[in-house]
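# Observations on chain architecture
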Amino acid sequence: MGDIRFDGRVAIVTGAGVGLGRSHALGLAARGARVVVNDLGVSRDGTGASSEAALSVVEEIKAMGGEAISHGADVSDEEAVKDMIAQAMDAWGRIDICVNNAGILMDKTFSKMEMSAFRKVVDVHLIGSANVAHACWPMMREQQYGRVVFTSSASGLYGNFGQSNYGAAKAAMMGLMNVLHLEGARDNIRVNTLAPTAATRMTEELLPPEAATLLAPETITPGLLYLVSEDAPSRVILGAGAGSFAQTRVYETKGITLLDADNTPEAVAARFSEISDPKGQAELDDAFSQTKKYALNAAQARGLKLGW
Ligand code: NAD
């Protein structure tokens, strides 16, 4: 297998001033990509703004002989994102790779959380990612080439106390990926999700120092680079941290079919162990696959033939 290179490719990395985004931007540039280093330069909870961090990453890339520009768009601001994409197009005429990484935290238990904090976090992670991907989409279709990554989190995939806003927004990445994977396939646009766990300012007080050293952002970037490479897979959720890489998958069990008078809540309860039995479980290709499966189950149980 040849080296993974990004020569001639243009990449946008959001939230690339520090942490994981910075590591991704440097990793892309080191392998030949021209990089738009986006960062609003906010604190961990989204307050303030500064162009310093993004500019310093641009300088680092230039110092290693690469090409980069910075842009301070707030990803949740659609007009600012459009301006960023227009500037990238003016500079380099194409956009091949879109890494949605920018993010904030506003943790509180659900009972104490103001809905404004819920909305703000969803706005940055979900609407922000959709804004950037949406602005890149027409160019990617036109080019018949695009690689998009969303950044999820174990908080969204598995849950984390005190992060209802963040967990909901991060789980939404999977939904967005699933649909864009289907819509992008005919135009050679591949869409994946990274679920990192890293020592950054986002996690600094959670990790003992020895673990923090192991969980450096640079241990995750190789996975991101694979997800945006020429031979990237699509619709993959890749967990990454400290050199571990693992895929998260959503399976549906085979299930059971209850008809007519047998279709009662008591029957669901009585047969719940069969409903949840992992034997024969499968990944479904799309939403309609589930509709088809259930209709076929019922038809078969009734001795009917469907046109499918
Ligand atoms: P970080 O706080 O170090 O960096 C986030 C960057 O995003 C900052 O530079 C910030 O200025 C920028 N940013 C925030 N809001 C922005 C906005 N509206 N527009 C543009 N830029 C904005 O965080 P990190 O740990 O490097 O996290 C990067 C991504 O990875 C985030 O999406 C985060 O949720 C996700 N993640 C991180 C971890 C972890 O363990 N660190 C775990 C799971 C997921």
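Please refer to the structure placed before this passage.
The following refers to the structure shown. Since this is a predicted model, take the numbers as computed values, not measurements.

Cut-offs used in this document
- Residues numbered from 1 in each chain as written.
- Predicted model: local features only at pLDDT ≥ 70, side-chain atom pairs only at ≥ 80, totals over all residues.
- Heavy atoms only, no water.
- Pairing = 2+ DSSP bridges.
- Helix = DSSP H or I, 4+ residues; strand = E, 2+ residues; numbered from the N terminus.
- Axes fitted to C-alpha atoms, helices over the stretch in contact; angles between N-to-C directions.
- Left-handed = near helix turned anticlockwise from the far one by under 90°.
- Contact = heavy atoms within 4.5 Å.
- Nonpolar A, V, L, I, M, F, W, Y, C, P; charged D, E, K, R; others polar.
- Core = buried A, V, L, I, M, F, W, Y, C linked by side-chain atoms within 4.5 Å.
- Buried < 20%, exposed > 50% of the residue type's maximum accessible area, 1.4 Å probe, protein only.

### Quick word on the pairing of strand E8 (residues 244-248)
- By the bridge criterion, 5 bridges tie strand E7 (residues 237-241) to E8 in an arrangement that is antiparallel. Paired with glycine 239 across the strands is alanine 246, a residue of E8.
- Taken together, E7 and the strand that follows it, E8, pair antiparallel across an intervening segment of 2 residues, in which alanine 242 is found at a positive phi of about 60 degrees.

### Side note on the packing of helix H3 (residues 78-92) against helix H4 (residues 115-143)
- Axis separation between H3 and H4 bottoms out at 9 Å; the angle between their running directions is 40 degrees. Handedness of the crossing formed by H3 with H4: right-handed. Where H3 approaches H4, its residues Glu78, Val81, Met84, Ile85 and Met89 are matched on the opposing element by Asn131, Val132, Ala135, Cys136 and Met139.
- Grouping the amino acids of the contact of H3 with H4 by side-chain chemistry returns 8 nonpolar, 1 polar and 1 charged.

### Quick look at the sheet that holds strand E1 (residues 10-13)
- Read across the sheet, 8 strands follow the order E3-E2-E1-E4-E5-E6-E7-E8 without closing on themselves; strand pairing throughout is mixed. Each edge of the open sheet carries a strand with a single partner, namely strand E3 (68-71) and E8. Looking at each pair of strands side by side, their axes are set apart by 20 degrees on average, direction ignored.
- Its contacts with the sheet place H3 against E1, strand E2 (34-38) and E3, and it is angled at close to 160 degrees to E3.

### Quick look at the nonpolar core
- Core analysis: the largest hydrophobic core is formed by 42 residues, its most contacted members being Val148 and Phe150.
- Listing elements by their share of this core, those giving two or more residues are E1, H3, H4, strand E5 (146-151), helix H6 (164-184) and strand E6 (189-196).
- The dominant element in this core, judged by the number of residues it contributes, is H4, at 12 residues.
- Leaving out residues up to four positions away in the same chain, phenylalanine 150 has contacts with Asn100, Ser129, Ala133, Met173, Leu176, Met177, Leu180, Val191, Asn192, Thr193 and Leu194.
- Membership of the second largest hydrophobic core comes to 30 residues, among which are Ala11, Leu28, Val58 and Val236.

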